[in-house]
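# Report on the structure
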Protein chains: 2
Amino acid sequence: MTTTPASIDLREVGMRDGLQLEAPIPLETKLEILDAIAATGVRRVEVTSFVSPAAVPALADAEQVVAELQRWPDLHFSALVAGRGGARRAVAAGMPHLEYVISASDGHSLANARRTTDEAVDGVADIAALAHDAGGRLEAIIAVAWDCPFDGRTPLRRTVDIARRAVELGADQLCFGDTIGTTVPGRVTDLVAAVRDAVPEVPIGVHFHNTRGSGIACVLAAVQAGVVQIDASVGGLGGCPFAPGASGNIATEEVVYLLEESGIATGIDLSRVLDAAALVERAVGHELPSNLYRAGGPNQPRGRRDASAQNGATTRS
Amino acid sequence: MTTTPASIDLREVGMRDGLQLEAPIPLETKLEILDAIAATGVRRVEVTSFVSPAAVPALADAEQVVAELQRWPDLHFSALVAGRGGARRAVAAGMPHLEYVISASDGHSLANARRTTDEAVDGVADIAALAHDAGGRLEAIIAVAWDCPFDGRTPLRRTVDIARRAVELGADQLCFGDTIGTTVPGRVTDLVAAVRDAVPEVPIGVHFHNTRGSGIACVLAAVQAGVVQIDASVGGLGGCPFAPGASGNIATEEVVYLLEESGIATGIDLSRVLDAAALVERAVGHELPSNLYRAGGPNQPRGRRDASAQNGATTRS
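Residues numbered from 1 in each chain as written. Chains lettered and ligands numbered in written order. Predicted model: local features only at pLDDT ≥ 70, side-chain atom pairs only at ≥ 80, totals over all residues. Heavy atoms only, no water.

Residue and element names in this part refer to chain B. Under the defined criterion, the tally for this structure stands at four aromatic pairs over all chains. Look at tryptophan 146 and phenylalanine 208: their rings are 5.7 Å apart centre to centre, the planes differ by 35°, and that puts the pair in the tilted class. On the criterion of sequence distance, the pair formed by tryptophan 146 in the loop between β5 (138-143) and β6 (147-148) and phenylalanine 208 in the loop between β9 (204-207) and α10 (215-224) is long-range, its members being 62 residues apart. (Phe/Tyr/Trp six-rings, centres within 6.5 Å; stacked < 30°, edge-to-face > 60°. Helix = DSSP H or I, 4+ residues; strand = E, 2+ residues; numbered from the N terminus.)

What follows is the structure, encoded as structure tokens:
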């Protein structure tokens with residue numbers, strides 16, 4: 001375990017991982033949400049993906065979104081791609097900062113992208129060249145880094161080996177995804193330590209889902225292991241597609257609350273995140289899963305409590 | 001930080017802290033839920049409270065519930081009381097194991113129980129005597145141990161001092177409540193360490209709410225600090241009264257998942273907890289907040305994922 005960092009660098013992924021399974025929303029609404037996200041103080045935004053519009057209609061407007069990004073010159077934007085075709089589209093649209101997904105298990109890789117993990121890793125070289133030639137960076141996102149819905153537990157050495165090979169082939173940074181929300185803090189600590197040993201010079205990030213309630217605890221474990229790049233989604237947008245009402249992405253506001261209250265700076269204004277969450281909730285038309293958002297914010301219950309407590313509910317503990 | 005324990009001793013609080021703000025449910029339904037809870041393998045159950053039936057009508061049947069507890073001879077039951085009157089009722093009903101609430105802040109104590117913290121502490125001696133004379137134990141539950149909705153942050157030394165005095169006056173064990181769900185893991189570690197220094201021989205427990213998403217991370221911090229007594233509520237029952245849909249108690253199944261996956265034994269069968277949660281959800285007539293329960297269980301999404309992944313959603317990370 002390393003020293004806990006004094007600050008972390010959160011990436012807002014609501015525009016991509018959050019929206020991808022929603023019904024499409026208008027470009028104008030997305031830009032309003034981006035305005036609200038920019039106002040939170042976050043510095044990095046995963047803004048869309050360049051994938052099949054048939055598979056992900058909600059992000060079919062990737063080119064139009066990217067064309068508007070000069071409105072927010074202070075934000076660092078990136079876009080997810082699944083392969084060379086998407087990478088070419090992204091670069092052509094003016095988005096040189098790419099995230100390329102490699103599934104750490106063959107089962108997930110074949111189901112999601114019709115290729116083996118090895119074939120996905122081999123793709124890094126070309127996509128890195130595309131990003132670099134356009135003045136951008138390539139982040140390799142290693143999905144199912146801990147567990148796979150098809151193949152079960154992903155061996156730690158396998159995930160580390162994929163990470164090392166991706167870096168050798170040109171990836172500038174790494175992100176490890178707990179795609180199905182099954183990992184726990186101790187396993188996060190173990191993987192982060194092993195990856196830092198293997199590629200000590202490479203920035204690494206983590207992407208957790210809160211499907212089983214452990215996501216925020218995993219964030220803390222990652223931060224305590226020295227990770228400073230944390231993915232989160234405003235309002236927890238990005239529900240698990242497999243069960244209505246199930247929680248997916250960890251909520252930006254809950255990460256910010258945890259870290260700021262723990263003395264770790266995020267640079268993010270929590271009340272602005274809640275404003276953005278309210279906007280997102282209206283845009284998608286359903287309740288967001290974030291506990292903190294549903295509670296009305298970090299302090300709201302304190303104020304509201306007055307009346308309730310004085311009504312004589314004498315058993316609160 | 002001490003060594004993480006090999007096992008923890010969870011207390012199911014759904015019957016009291018979970019149900020107390022719900023509309024009253026029939027005694028027969030409560031007994032069915034208790035059957036389901038007993039089947040989970042949990043060993044300790046906070047079964048009701050002896051407080052004003054006018055203030056907490058959902059638990060007005062405390063005597064009738066306690067009269068049925070011989071059905072589950074292997075379970076250890078306890079009941080919450082707010083003062084001497086409740087303690088007398090509990091003992092007369094045959095419940096000698098008492099939990100007595102002391103609010104660590106005067107603001108909360110006055111609002112909830114119309115007495116100062118000092119006055120509440122002074123009450124320990126008589127209630128301990130009532131419990132002990134009946135062959136039971138007294139647990140002092142220190143509410144708003146970290147933060148108060150009226151007085152703000154509770155000074156750590158104040159909480160520790162209350163704990164020490166409660167033990168001096170006869171409390172056999174302690175429980176620290178994050179009543180409004182604001183604390184974070186580092187503050188948990190600090191308080192647990194200070195309490196263990198002050199009263200090293202006394203068993204201590206923790207009671208967290210997940211109102212801002214940090215509850216499960218706080219459990220892990222407490223366990224890593226050596227606490228083995230953890231309160232949790234099936235399905236996360238016990239929503240915050242201040243905001244509809246807001247999450248209150250941490251969910252038993254999420255605690256069990258976290259700990260078991262972290263190699264810490266709970267003795268609890270997760271699938272049985274989900275069965276109990278389903279029963280509770282039907283009984284209270286509204287959705288429970290637990291992420292894991294809403295996701296359909298620990299493994300369900302893996303199975304359900306097959307179809308979805310093969311439908312070509314190529315961007316999951």
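A separate point is the pairing of strand β1 (residues 9-12) of chain B. All names here are of chain B. Where burial is concerned, the two faces of β1 agree: the one with Asp9 and Arg11 and the one with Leu10 and Glu12 are both buried. Pairing geometry for β1 and strand β10 (residues 229-232), over four bridges, is parallel. What sits directly across from arginine 11, in β10, is aspartate 231. Sheet topology places β1 next to strand β2 (residues 44-50); two bridges connect them, and they run parallel. Each residue of the ladder has a partner; that of arginine 11, found in β2, is arginine 44. (Buried < 20%, exposed > 50% of the residue type's maximum accessible area, 1.4 Å probe, protein only. Pairing = 2+ DSSP bridges.)

Another point: the sheet that holds strand β4 (residues 98-103) of chain A. Residues and elements named next belong to chain A. Pairing within the closed barrel is parallel, and its eight strands lie in the order β1-β2-β3-β4-β5-β8-β9-β10. For this sheet, the mean angle separating the axes of adjacent strands, direction not counted, is 30°. Here strand β5 (residues 138-143) pairs with strand β8 (residues 173-177) via four bridges, running parallel. Counterpart to isoleucine 141 in the pairing with β8 is cysteine 175. Contacting β2 (44-50), β3 (76-81) and β4, helix α4 (residues 84-93) runs over the sheet at an angle of about 120° to β2. (Axes fitted to C-alpha atoms, helices over the stretch in contact; angles between N-to-C directions. Contact = heavy atoms within 4.5 Å.)

Taken as a whole, this structure holds seven cavities of 30 Å³ or more when the rule is applied. Taken as a whole, the largest cavity encloses approximately 140 Å³ of empty space. Lining the largest cavity are 20 residues; nearest its centre among them are A:Asn210, A:Asn291, B:Asn210, B:Pro289 and B:Asn291. Looking at the lining of the largest cavity residue by residue, the class counts come to six nonpolar, twelve polar and two charged. (1 Å grid on protein atoms, 1.4 Å probe; cavity = no way out; pocket = protein on both sides within 12 Å on 5 of 7 lines; lining within 4 Å. Points joined across faces, edges and corners; volume = space filled by probe spheres on them. Nonpolar A, V, L, I, M, F, W, Y, C, P; charged D, E, K, R; others polar.)

Glancing now at the side chain of B:Glu12. Residues and elements named next belong to chain B. With respect to the element layout, glutamate 12 can be found in strand β1. The side chain of glutamate 12 is buried and forms no salt bridge, while arginine 11, the nearest opposite charge, is found at 9.5 Å. Engagement of the side chain of glutamate 12 in a polar contact is seen with the backbone nitrogen of glycine 14, the distance being 2.9 Å. One polar contact links glutamate 12 to threonine 252, side chain to side chain, over a distance of 2.7 Å. Setting aside its immediate chain neighbours within four residues, glutamate 12 contacts Ile37, Val42, Arg44, Val45, Glu46, Ala232, Ser233, Val234 and Thr252. (Lys, Arg positive; Asp, Glu negative; His and termini not counted. Salt bridge = Lys/Arg side-chain N within 4 Å of Asp/Glu carboxyl O. Polar contact = N/O pair within 3.5 Å; in protein donor to acceptor, adjacent residues only side chain to side chain.)

Let us look at the packing of α10(B) against helix α11 (residues 252-261) of chain B. Residues and elements named next belong to chain B. Relative orientation of the contacting elements α10 and α11 amounts to 50°, with a least axis distance of 10 Å. One finds that α10 runs oblique with respect to α11. In the packing of α10 onto α11, the handedness of the crossing is right-handed. Contact residues: α10 offers Ile216, Val219, Leu220 and Val223, while α11 offers Glu254, Val255, Leu258 and Leu259. Counted by class, the contact of α10 with α11 contains seven nonpolar, no polar and one charged residues. (Parallel < 35°, antiparallel > 145°, perpendicular 65-115°, else oblique. Left-handed = near helix turned anticlockwise from the far one by under 90°.)

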